Amino acid sequence: MSRPVRVRIAPSPTGDPHVGTAYIALFNYVFAKKMGGKFVLRIEDTDQTRARSDSEQMIFDALRWCGLSWDEGPDVGGPYAPYRQSERSQHYRDAAGTLLEKGEGYRCFCTEDRLAKLRLQQQAEKTTLGYDRHCRTIAPAEAASRAAAGESHVVRLKVPVSGPIEFTDKLRGTITRDAKEIDDQVLLKSDGMPTYHLANVVDDHLMEITHVIRAEEWISSTQKHVLLYRAFGWEAPEFIHMPLLRNTDKSKISKRKHPVSINYYRDIGILPHAFLNFLGLMGWSFGGDREKFTLAEMIDVFSWDRMSLGGPVFDLDKLTWLNEQYIHDLSYEQLADALISWRLNREYLVKLLPLVRERIKKLDEVIPATEYFFSGDLDLTPVLPEMTVPEVAPAAVGKALLDYVERFEARDGFDKTMLEEVARQWTEALGWKTKHAFMLLRLATTGRKASPPLFDTMAVLGKEITRRRLRSAAAVLAKAK
RNA sequence: GGCCCCAUAGUCUAGCGGUUAGGACGUCGGCCUCUCACGCCGAAAACAAGGGUUCAAGUCCCUUUGGGGUCACCA
């Protein structure tokens, strides 16, 4: 393959900027730079039910904070624009039309209800799961007229009934699955939007992506993508599936068990270089016992044969140690700058001073009064005895805290109005007295019985710190007796 | 459960047929020191199991076990 190297990171704007996105972005970036190629950022926002309005910008900001930049993307443009899938609908509709014409795809009119029943039945009979190809035999002309009459439908891929489908993964060699294990994947949803499978193949082809570097979780659907390239008559890119970052229990890293937002690491005072360096240690090694290295050095020596494939556990202790090394290397001037760009700045002070001005009599009181605004994790031991709700077991109190987190996670943004609204609904659902519920939140988020107004405080602390403190409190309570 | 991926200390990893299995985090001990931290020195700690192949296996092959992923009109 002599085409110029083009790789992409394709995050979905469905929540907070994910550490896995940074991880995969890093390796895409490094490989692109190593090969003198281009690194593209493409937003995969085809799921309108899950899309969050503030998510896309947070992804840009978070990746830039890491020190990664892209040659083409929604915000910087480029020769293959647009880079937002929601703005590329016509491409996917055209592609689906092509498949229909070629007889490689077909319209499916099955209702969600029918599919749900089918799934239940298959579970009961313990037969292989998957679509039963009910609509595959409808004559194309009939299907076309039903569609023209406005009947709701999707477009599915006509997967071969059997036969081995294989592809080569650069890190793992040939991976084979039999077509009979693969069901007829939905390509175009009834709302006219493509699924990931269609969109990524169409876009990777149109954007002339040469190497698809993505997480291991995609391995099992790669055969579908190969089938799609084949159906279109397009050359498939090379596939490189990275290992998955893991929780301490080895499962795929997840927000219930581990901080996954890049912003969390930023907010607790991890330096971007340390963060990127640490991600570079996950599954990859520099060689020669070297653990501390810059992005430029990583690019310089980069090679895929230094990858190991066991899923690496994201170890906060080691990240913290590495961060310490970076901090100690900083000059005092640089450290001052780092602190200022972190939280010791006018912007943050202006945010929190409205909460403390009435509470101080002399300037010297501001630091002690706001200490928890500048901390990551708190030591809750001193206030643990206070963290009770009458008639409720500590473990249940902890669970309730988790429930509150779930509730605000489900909402856009992170402002005091939303936080209070959610808290009041939550309190009511629990049947607790407001003063007990709110004191609990106060103790968990500030470690103190007295604080500025709770929801203002949470808003200033930010989502990451707030979430982490509430989860930590829940964990402590779960262990309490 | 079917299919697929993976497998060196608690964790991140080096190793690419012949090593006393190396480094790092963490843990423990000591030194340094006005305290703490840093730093330095040291210790415990690993090739999942069983079969092959080979003069020789952590390294190659097979099986088992274990872990993970995936089975959506989510990505």
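Everything in this summary refers to the structure shown in the same document. All residue numbers refer to position in the chain's written sequence, counted from 1. Lettering for chains starts from A, numbering for ligands starts from 1, and both go in the order in which the items are written. Local features in a predicted model are, by the rule used here, given only for residues with pLDDT of at least 70; side-chain atom pairs are given and counted only at 80 or more, and totals for whole chains, interfaces and linings are based on all residues. Side-chain numbers here rest on the full set of heavy atoms in the structure, without hydrogens or water.

Considering the protein's contact with RNA strand B
Phase 1: We call a residue near a molecule or strand as soon as one heavy atom of that residue lies within 4 Å of the molecule or strand. Around RNA strand B, a shell composed of 50 residues is seen, among which Arg172, Lys189, Lys252, Gly283 and Glu291 lie nearest.
Phase 2: Taking all atoms of RNA strand B within 4 Å of the protein, the share assigned to sugar and phosphate is 81%.
Phase 3: Each polar contact in these results corresponds to two N or O atoms within 3.5 Å; when the atoms are within protein, one needs to be able to donate a hydrogen and the other to accept it, and residues that are neighboring in sequence are counted only if both atoms are side-chain atoms. Note that a sugar or linking oxygen of RNA strand B is positioned 3.1 Å from one of the side-chain N or O atoms of serine 220.
Phase 4: Numbering of helices and strands runs from the N terminus; a helix is a DSSP stretch of H or I covering at least four residues, while a strand is a stretch of E covering at least two. Listing elements by their share of the surface near RNA strand B, those giving two or more residues are helix 4 (112-125), strand 4 (154-157), strand 6 (173-178), helix 7 (219-232) and helix 11 (316-329).
Phase 5: Looking at the surface near RNA strand B element by element, the count peaks at five residues for helix 11.
Phase 6: Broken down by class, the residue content of the surface near RNA strand B amounts to 16 nonpolar, 13 polar and 21 charged. Each residue gets one of three labels, nonpolar for Ala, Val, Leu, Ile, Met, Phe, Trp, Tyr, Cys and Pro, charged for Asp, Glu, Lys and Arg, and polar for the others, Gly among them.

A few points about helix 4
Phase 1: For a helix, the expected span equals 1.5 Å multiplied by the number of residues minus one. In a regular helix each residue adds 1.5 Å, so 14 residues correspond to 20 Å; helix 4 covers 20 Å between its end C-alpha atoms and thus fits that length.
Phase 2: Residues are treated as being in contact if the distance between any of their heavy atoms lies within 4.5 Å. On its buried face, helix 4 sits against strand 4.
Phase 3: Lysine 126 sits one or two positions beyond helix 4 and adopts a positive phi of about 55 degrees.

A short note on the packing of aromatic side chains
Phase 1: What counts as a ring pair is set by centres within 6.5 Å for rings of Phe, Tyr and Trp (its six-membered ring), and what kind of pair is set by the plane angle: stacked under 30 degrees, edge-to-face over 60, tilted for all other angles. For the structure shown, the criterion picks out 25 aromatic pairs.
Phase 2: Aromatic side chains tryptophan 284 and phenylalanine 293 sit 5.7 Å apart centroid to centroid with 75 degrees between the ring planes, which places their arrangement in the edge-to-face category. With respect to class, tryptophan 284 is no different from phenylalanine 293; both count as buried.
Phase 3: Ring centres 5.1 Å apart and planes at 50 degrees place the aromatic pair tyrosine 404 and tryptophan 426 in the tilted group. A residue pair is termed long-range when its members are at least 10 positions apart, and tyrosine 404 in helix 15 (residues 394-409) and tryptophan 426 in helix 16 (residues 416-430) qualify at 22 residues. In this pair, the class of tyrosine 404 matches that of tryptophan 426, namely buried.
Phase 4: Each residue in the set Tyr23, Phe27, Phe31, Trp284, Phe286, Phe293, Phe302 and Trp304 is aromatic and connected to the rest through ring pairs, giving one cluster.
Phase 5: We call a charge positioned over a ring when the NZ of a Lys or the CZ of an Arg lies within 6 Å of the ring centre and within 35 degrees of the ring normal. When the ring centre of tyrosine 131 is taken as origin, the NZ or CZ atom of arginine 156, which lies over that ring, is 3.5 Å away.
Phase 6: Of note, lysine 292 hangs over the ring of tyrosine 326, and the distance from its end group to the ring centre comes to 4.6 Å. Think of it in three bands: residues with accessible area under 20% of the maximum for their type are buried, residues over 50% are exposed, and the middle band is partly exposed, with areas taken using a 1.4 Å probe on protein chains only.

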